[in-house]
Every structure is written in C-alpha cells, then in structure tokens.
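# Coordinate inspection notes
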Amino acid sequence: MKILVLNGSPRKGNTVTAIQAFAEGAKAKNEIEVVDTYKLNVSPCMGCGACECHKGCVAKDDSNQIVDKLVAADVIVFATPVYWWGMTAQMKLVIDKCYCRGMQLKNKKVGVIVVGGSPVDNEQYRLIRGQFSCISEYLGWDILFHKDYYASAKGDLAGNADALKELRAVGESI
C-alpha cells in the first residue's frame, strides 16, 4: 500500500522520531512517503468556492500537489506535535485545502500520531482527537490508530523504548 505521512513538525525532534519508528515498522510491506508540511507553500483556504469541491484549488501554490498525494494514498498518517492545544498550523493548512477535493478523500484509512509536552491525559490530546474524529465521521475515514505521546524535551521519545516499540508494531500491522 501507499502510505503518505504528513509531518506537521517544523523541528527535528520527537514527532520525527515517532514517524521514523512507525516507518521502520511499515516499510517491509508498504511504500512510504513523508511530506514535511512546513516545507510546503500552502496558502490559507479562502472559502471562495472556485474549486467547486472537486476541481482543485485555484491558488498558485502547493495545494493541489499535496491534495493529489492525499487522494493517491491508500493510508494517510497525520503526525503532529501539539501547538497551543491543537495540531500545528502547517498541518491545519493542508487539511483545510482538502476542502477542494474532499469527496475524493472519502473512505480513506488514516492514522494519527500526536506528541505533546504534557501528560497524555491532558485536554490538548482530547481536542485533537475530537477534531480528527469529526473529520473522519464526515469523510467516512477508517481511523486505524490514534497514538498520543508525552515528550516535553527534545529526545524524550527516542528514550522511550515502549513508545518506539509500539509505533513499530503499528507500522507492521498495516
């Protein structure tokens, strides 16, 4: 299967560590591409309606290119650190641009990896889980996994053998 991992982190820290562990587990049976959302030139959705929800975005940026990749993927993994009780702005920009071809993203298999600087029982994880749950319900997505991790300092996740083992196992299961 083609797995597209959207990396919402602009840093080379715990979220990237999580992605690498997941990819290590998944690489034997799947084709994996990681896209760093912070490297994309994606303008905010203007709600102009010119895309008519199927033609694609009229913006002259990377919007259509990344949405094409999302449409072509068999599995989409959203990996984001927590920024102010939510996903990163870079990740949200990409998700907002899915409006232009949302119906072509129906019934996708998805996974979510969230890394935050508070223990996983903190409200921030529930808010992100709720947002992905709403999107999934609307588009008929099958959430294969949703994993939350606490890692407050750079390198914390790399030192968490149980978390890395779990992420590799999740990757292997796909």
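Relevant structure appears above.
Structure report, in brief. (Residues numbered from 1 in each chain as written. Predicted model: local features only at pLDDT ≥ 70, side-chain atom pairs only at ≥ 80, totals over all residues. Heavy atoms only, no water.)

Further remarks concern the sheet that holds strand 5 (residues 142-150). A sheet is described by the order of its strands in space; here 5 strands give the open sequence 2-1-3-4-5, paired in parallel fashion. Among the strands making up the open sheet, the edge pair consists of strand 2 (31-36) and strand 5. The sheet shows a mean angle of 15° between the axes of neighbouring strands, taken without regard to direction. Note: strand 1 (residues 2-7) against strand 2, 6 bridges, orientation parallel. Looking at strand 2, one finds that Lys 2 is bridged to Glu 31. Each of strand 1 and strand 3 (75-81) is contacted by helix 3 (residues 89-97), which is oriented at about 150° to strand 3, the strand it contacts most. Packing of helix 5 (residues 161-172) onto the sheet brings it into contact with strand 4 (109-116) and strand 5, and relative to strand 5 it is tilted by some 165°. (Pairing = 2+ DSSP bridges. Helix = DSSP H or I, 4+ residues; strand = E, 2+ residues; numbered from the N terminus. Axes fitted to C-alpha atoms, helices over the stretch in contact; angles between N-to-C directions. Contact = heavy atoms within 4.5 Å.)

Another point: unusual backbone geometry. Notably, Trp 85 is not glycine yet its phi reads approximately 65°, a positive angle. Among the secondary structure elements, Trp 85 is positioned in the loop between strand 3 and helix 3. We note that Asn 107 has phi near 65°; this positive angle belongs to a residue other than glycine. Within the fold, Asn 107 resides in the loop between helix 3 and strand 4.

Once that is clear, we can look at the packing of aromatic side chains. Under the definition given, this model contains 4 aromatic pairs. With 5.2 Å between their ring centres and 65° between their planes, Trp 84 and Trp 85 make a pair best called edge-to-face. Under the relative-accessibility criterion, Trp 84 is labelled exposed at 75%. Among the aromatic residues, ring-to-ring pairing joins Phe 78, Phe 132 and Trp 141 into one connected group. (Phe/Tyr/Trp six-rings, centres within 6.5 Å; stacked < 30°, edge-to-face > 60°. Buried < 20%, exposed > 50% of the residue type's maximum accessible area, 1.4 Å probe, protein only.)

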